[in-house]
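# A structural walkthrough
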Amino acid sequence: MTSTPATPAPGSRPAPPASLPGPGTAPAGPAAASGPSRVVVVDDHAMFRTGVKAEIGQAVRVVGEAADVESAVAVITAARPDVVLLDVHLPGGGGVEVLRKVHAVAPEQKFLALSVSDAAEDVIGVIRAGARGYVTKSINGTELIDAIRRVAEGDAVFSPRLAGFVLDAFSGAIDLATVDEDLDRLSQREREVLRLIARGYAYKEVARELFISIKTVETHVSSVLRKLQLSNRHQLTRWATDRRLV
Amino acid sequence: MHPASPRPPAVDLPPVAVPPATPPTSAPVPPAAPSAGSTALPVPEPAPDAGTARPRATRVAEGSMVGGVCTGLARHLGWPVLAIRIAFVALMLFQFIGVIAYGALWLLMPPAPATAAPGLESASRAGMRDTSSTVRRRLDWGPVVALTALATGLLWLVQISGLGISQQLFWPVAFACAGAALVWRQADSAQQKRWQAEAGGRVWLAPFVARGGWPALVRVIVGLGLVGAAFGLVLAQWGQIGQLPEVLAMTSLALAGLAVVVAPWIHRSRTALNTVRAEKVRADERADMAAHLHDSVLQTLALIQRQAEDPRAVQQLARRQERELRTWLYGEELGGTSLKAALTTAAAEVEDERGIPVELVVVGDAEPSEAVQALVRSAREAVVNAAKHSGADKIDVYAEVTEDLVEVFVRDRGQGFDLDAVPEDRMGVRGSILDRMARHGGRATVRSRPGDGTEVRLEIRP
């Protein structure tokens, strides 16, 4: 969080991107763009990493793993995977710090956050820092593979809980004077999409329910994600801070 | 443990000859006693955080001869205990410097906090363990008598040899020392007992010993009496016993002045002490909670091992444990009986009973009016239904509270059913969900298609 000058350590590293895998990296060749997604797993629990690898290993290629912020930044900038599975709680500053440091040198890197915490400020925090989705660790293998694919394709992944948090954060009376154009509120359609996701609907089911295409659902969700990340909404930050200390 | 050498005995002397270096100053000592006693108290409590490189200088009960000062010092400095003991004895031969130093250190060094594993400490606090067997210093009279005899002999030797204090001063000094030692010893033991009581020892003893009680009072009175005797002795030796009233008046005046000066300081350290105590209580609560959770994790792990062949039971156990831990670590405190709390409880119950994960998302919250309670009961019934009949591996519950409407959706991706095909007399859906909602002015709609899961939508005005 505090050590923002992210560039020195990772900045010196990515120069030879493919040849210098960080500690703990599996062979990280610049594989063909198509084919299975290339994934880096960042989690401080070795047992969890092993479990995840076993579960998703068939469908994606795990090209590296890391257990703390520093090694994660090194591995990610070296391997340049399609998607990083990022634990929210990590030694060395947490997932948010990894996002910040990697995005300083590779703004396009896609992250999917996962955590056991489910605490509002963790979820919103990591999304606002730039993750493209959030899922809980209890997610099953198929759903996780699906979420990785979606993130790799540039879409956003919202769990029911995240949708609930967002609805909560964007609900309530808005002081019209502070509304920053559209960024500070959800459109009617976006709200509908989020409500369905919160009710446990998959994107496909949302599309069918609202008589729109899956692509449109994805667009709406991405738009919500953008608002979540860019909105300066006073209420959003206060909402998150209110929940900081329970 | 006594390293049976002739030296340590002499170290036994100090308690009998503690602070008053010179007779005249022995008078002001008693008023200072409570303050020193209470400032020393806050120290031992935050002690656990100290001691990374070198252990803090504390009096160590285990392996101690007298007050544990030498043992504590040895541990602190990393020197052999015997060397320090010899040094103290040697110093004693020069005008009792060793004795005085020992006494001062005794007062200044806090007793070492006895720490056990967090789980055990917590269990002791909660009264779930038998704590009577905890290590205590037992007074062994044999060595004490021997040591006292030896010490007296040594003292006498010193006096005879002319190295000691002149005969005229000796008895007053001895009296004053004994009296002051009694008083100080009282402060010390009270402090220890209180500390022990707070750590979960014999709580019933705490008010008795720590806040006085007659043994303490007797000790203080006898101590003060001895000091007074010393005082009188000095006066008598000077042949000015006739001026006793004036001297007494002057002394008490001086004491009163001192009390006025010292009072704010005492008060401040009292307040600090209370704060420290409150903090300790809070820390204890948290530690207890953590211990409880760890304990339940252990239980769960044991159960899982025993039921390893039953994947469903294992999953159920794991799920329940996960929920408990998550709520404690990251969850919000759901106080009272709001909609959110009620739904959370209901979801958890069904999860435990049926072994199916229930994902609950709540946006907003509402007061538990009668209508809301009916809604929660209906929602619970719907979740139970889904768990029983749908065959789905997960149930999603979503509740949203807006200004004039509370909605709950219960959804599963199970086999679904045809509502019209459900016989009229089946209570589940009709009785406990549809009718109940209608009775409270709400509405329930069931949407289900065979093969496509079920969604029950409940709505009501709060």
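Further up the page is the structure itself.
The following refers to the structure shown. (Residues numbered from 1 in each chain as written. Chains lettered and ligands numbered in written order. Predicted model: local features only at pLDDT ≥ 70, side-chain atom pairs only at ≥ 80, totals over all residues. Heavy atoms only, no water.)

## Section: unusual backbone geometry
Residue and element names in this part refer to chain A.
- Even without glycine at this site, Arg 80 takes up a positive phi of about 45 degrees.
- Structurally, the position occupied by Arg 80 is in the loop between α3 (69–79) and β3 (83–87).
- By relative accessible area, Arg 80 is classed as partly exposed at 37%. (Helix = DSSP H or I, 4+ residues; strand = E, 2+ residues; numbered from the N terminus. Buried < 20%, exposed > 50% of the residue type's maximum accessible area, 1.4 Å probe, protein only.)

## Quick look at the packing of aromatic side chains
- Scanning the model with the defined rule gives one aromatic pair over all chains in all.
- Directly above the aromatic system of Tyr 201 of chain A lies the positively charged group of Arg 411 of chain B, at a separation of 4.0 Å from the ring centroid. (Phe/Tyr/Trp six-rings, centres within 6.5 Å; stacked < 30°, edge-to-face > 60°. Lys NZ or Arg CZ within 6 Å of the ring centre and 35° of its normal.)

## Side note on the pairing of strand β4 (residues 443–448) of chain B
- In this sheet, strand β5 (residues 454–460) of chain B lies alongside β4 of chain B in antiparallel orientation, the contact comprising six bridges. Bridge assignment links Arg 443 of chain B to a residue of β5 of chain B, and that residue is Glu 459 of chain B. (Pairing = 2+ DSSP bridges.)

## Some words on the sheet that holds strand β6 (residues 157–158) of chain A
All names here are of chain A.
- Ordered in space as β2-β1-β3-β4-β5-β6, the six strands form an open sheet in which the pairing is parallel. Because the sheet does not close on itself, it has two edges, and the strands there are β2 (61–66) and β6.
- With three bridges joining them, strand β4 (residues 110–115) and strand β5 (residues 133–136) adopt parallel strand pairing. Across the sheet, Leu 114 pairs through a bridge with Val 135, a residue of β5.
- With respect to the sheet, helix α6 (residues 141–152) is in contact with β1 (38–42), β3, β4, β5 and β6, its orientation differing from that of β4 by roughly 150 degrees. (Contact = heavy atoms within 4.5 Å. Axes fitted to C-alpha atoms, helices over the stretch in contact; angles between N-to-C directions.)

## Here we look at the interface of chain B and chain A
- Listed per partner, the contact involves 23 residues of chain B and 23 residues of chain A.
- Of the roughly 2,000 Å² buried where chain B meets chain A, counting both sides, 42% is carbon and sulfur surface.
- In terms of surface lost to chain A, no three residues of chain B exceed Arg 326, Tyr 330 and Tyr 398 of chain B, which account for 27% of the buried area on that side.
- Connecting chain B to chain A are seven salt bridges.
- Note that Arg 413 of chain B is salt-bridged to Glu 205 of chain A, the shortest N-O span being 3.0 Å.
- Seen at the junction of chain B and chain A, the total is eleven residue pairs in polar contact (both at pLDDT 80 or more).
- Secondary-structure elements contributing two or more residues to the side of chain B that touches chain A are α12 (311–330), β1 (358–363), β2 (395–402) and β3 (405–412) of chain B.
- Element by element, the count of residues in the side of chain B that touches chain A is highest for β1 of chain B, at five residues. (Buried area = accessible area lost by both parts, 1.4 Å probe. Salt bridge = Lys/Arg side-chain N within 4 Å of Asp/Glu carboxyl O. Polar contact = N/O pair within 3.5 Å; in protein donor to acceptor, adjacent residues only side chain to side chain.)

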